[in-house]
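Architecture and fold: a report
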Amino acid sequence: MLLKCAVALLPKGTQYDIIVKDAQIVRLGASLTYFFELLTKEAIYLQRSRTIKVKVKRKMMEINADTVFYVIMSGKYAHIHIAGGKVHVARITLAELEEQLGDDFVKVDRGCIVSAMAIHKIAKKILLNNGESLDYAKRKKKQIEEIFRTKQKNIIGGFSAKD
């Protein structure tokens, strides 16, 4: 079923009155109120979006932290894998990246951190939502699974706190 919808964005503090002639108009008013509440919450969430600053090919670059799937270190260079299959190579330490990325990432190996939101399943390898798989320290499997579950609960709790 195709629904048609018109939305009017009102300036802050604008009052609007609807003359009630039937029940549909009442529901429309309630729906608009709910829509504007959700829109306001989403705008607040978008203002909180984090970026990380890294030096890539001698230029400072900002990367949206929400698009980062995982980071693998190779010597002094971090290979930052982001949505869309892109990989940025930056000279930065893993500790600096962990600090910038925040608590939503799980350290799965000595030189690898993975976004808790990007993990689909932990089996013999870590399976990611984008179809890739990563190795991890097998002796730390239970610890990684526990940290992963905790971080996903925190992330999900953050979404419900937004509502």
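Located above this text is the structure these notes cover.
All figures in this text were calculated on a predicted structure; none of them were measured in a lab.

Some remarks on the packing of aromatic side chains
Taken as a whole and judged by the stated rule, the model has zero aromatic pairs. Its end group placed over the ring of Tyr-136, Lys-138 keeps NZ or CZ at 4.4 Å from the ring centre.

As for helix H2 (residues 94–101)
For H2, every residue scored as buried is listed here: Leu-94, Leu-97 and Leu-101. Down the axis, H2 shows its buried residues gathered within 60 degrees of arc, on one side only. Looking at H2, the residues exposed on the side facing more than 90 degrees away from the buried face are Ala-95 and Glu-99. Buried residues along H2 sit against strand S1 (51–56), strand S3 (68–74), strand S4 (77–82), strand S6 (105–109) and strand S7 (112–115). Count one or two residues on from H2 and you reach Gly-102, which has phi positive near 90 degrees.

Points about the sheet that holds S3
The five strands are arranged S5-S4-S3-S7-S6 in an open sheet whose pairing can be described as antiparallel. Edge positions in the sheet fall to strand S5 (87–91) and S6, since each has one partner strand and no second. Direction aside, the axes of adjacent strands within the sheet are offset by 20 degrees on average. Direction of pairing for S6 relative to S7: antiparallel, over a ladder of four bridges. Across the sheet, Asp-109 pairs through a bridge with Cys-112, a residue of S7. Contacts from H2 reach S3, S4, S6 and S7, with the element oriented near 165 degrees to S3.

About the criteria used
- Residues numbered from 1 in each chain as written.
- Predicted model: local features only at pLDDT ≥ 70, side-chain atom pairs only at ≥ 80, totals over all residues.
- Heavy atoms only, no water.
- Phe/Tyr/Trp six-rings, centres within 6.5 Å; stacked < 30°, edge-to-face > 60°.
- Lys NZ or Arg CZ within 6 Å of the ring centre and 35° of its normal.
- Buried < 20%, exposed > 50% of the residue type's maximum accessible area, 1.4 Å probe, protein only.
- Helix = DSSP H or I, 4+ residues; strand = E, 2+ residues; numbered from the N terminus.
- Arc of directions from axis to C-beta.
- Contact = heavy atoms within 4.5 Å.
- Pairing = 2+ DSSP bridges.
- Axes fitted to C-alpha atoms, helices over the stretch in contact; angles between N-to-C directions.

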